[in-house]
Amino acid sequence: MKTWKDIFMEKVKEMHVTEPWILQEDNTIQVNILKPGWKEFMQRRAFGRFQCSQCWHKWSSAKVHILFHMHRSRRQCQGAVRMRVFRQACRQCPDPQLEEPDFSQENMARILNNLVLKILQECYHVPVQPSDLVEVVVDAPVAGPHDSARCEGCQLGVCREPRPAQASAASTRVKKASTHRIWRGWDLTPQATQTCCPPSFSSTSLWKRYCCIGGCLLCVLAVLLFVLLYFTNK
């Protein structure tokens, strides 16, 4: 049976990564705590099988999280990956130990395929779409809900799903739209140093308007006076 390292090396060659990469398991790495220059990838909701080392109870879980820290050294022209699989404990034992899950060869290949895609994206700046990542296969029934109290990932806050970026961007646009409204053609965007108000007419423009109105009235009166004098003389 192939190990994580064996399948990882196959995926690196399959995706034409010419620089050497190594994979090491490390149960000390933590989420969002990275050394300078390191990148992070979290494979969420992987399917694994567990067996208790005390009572030999077996169970399956579709919520196994795997954390990867990856780093590419440009000077040495090589890369390194640290991997941590979050464990679970038996619910039937009074004092259980955290157990490592087993994965099928197919799911191991899918998980490491996603890892190499993230390496290409983060370390070699190759465009990768979310749709390029493959889903893991659930090939056995999962009994009951996820036991958060006996999940190492839940206890460390890893199992909380991050808020989607599109939703946060949409909420930001809504907030901006709520503070920027157009009313009767005037921009009512709040400003810190000045306020927007409609401009007032100057005294010169008002005087010109009054002169125009007065001239029109005089013309109308002159026409009426001319008509009146014309009919009176007849």
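Let me sum up the structure you'll find in this document. (Residues numbered from 1 in each chain as written. Predicted model: local features only at pLDDT ≥ 70, side-chain atom pairs only at ≥ 80, totals over all residues. Heavy atoms only, no water.)

Here we come to the pattern of salt bridges. Scanning the entire structure with this criterion turns up 9 salt bridges. One salt bridge connects Lys-11 with Glu-14, and the closest N-O pair in it is separated by 3.6 Å. Separated by 3 residues within a single helix, Lys-11 and Glu-14 lie in helix H1 (residues 4-14), roughly one turn from each other. Between Arg-84 and Glu-152 there is a salt bridge; the shortest N-O distance is 3.0 Å. Of this pair, Arg-84 sits in strand S4 (residues 78-85) while Glu-152 is found in helix H3 (residues 152-155), placing the two residues 68 residues apart along the sequence. Comparing Arg-84 with Glu-152 shows no difference in burial state: the two are buried. Taken together, the shared-partner salt bridges in this structure form one network comprising Arg-84, Arg-87 and Glu-152. (Salt bridge = Lys/Arg side-chain N within 4 Å of Asp/Glu carboxyl O. Helix = DSSP H or I, 4+ residues; strand = E, 2+ residues; numbered from the N terminus. Buried < 20%, exposed > 50% of the residue type's maximum accessible area, 1.4 Å probe, protein only.)

Turning our eyes to something else, we now look at the sheet that holds strand S2 (residues 39-51). Strand order in the open sheet made by the 4 strands is S1-S4-S3-S2, with mixed pairing throughout. Every interior strand has two partners, whereas the edge strands, strand S1 (21-25) and S2, have only one. Strand-to-strand twist of the sheet, defined as the mean angle between neighbouring strand axes without regard to direction, takes the value 25°. Two elements, S1 and S4, share 5 bridges in a ladder whose sense is parallel. Considered in S4, the bridge of Trp-21 is made with Gly-79. Taken strand by strand, H1 contacts S1, strand S3 (58-73) and S4, and its axis lies near 155° from that of S1. Sitting on the sheet, helix H2 (residues 105-124) touches S1, S2, S3 and S4, and the angle it makes with S3 is about 30°. (Pairing = 2+ DSSP bridges. Axes fitted to C-alpha atoms, helices over the stretch in contact; angles between N-to-C directions. Contact = heavy atoms within 4.5 Å.)

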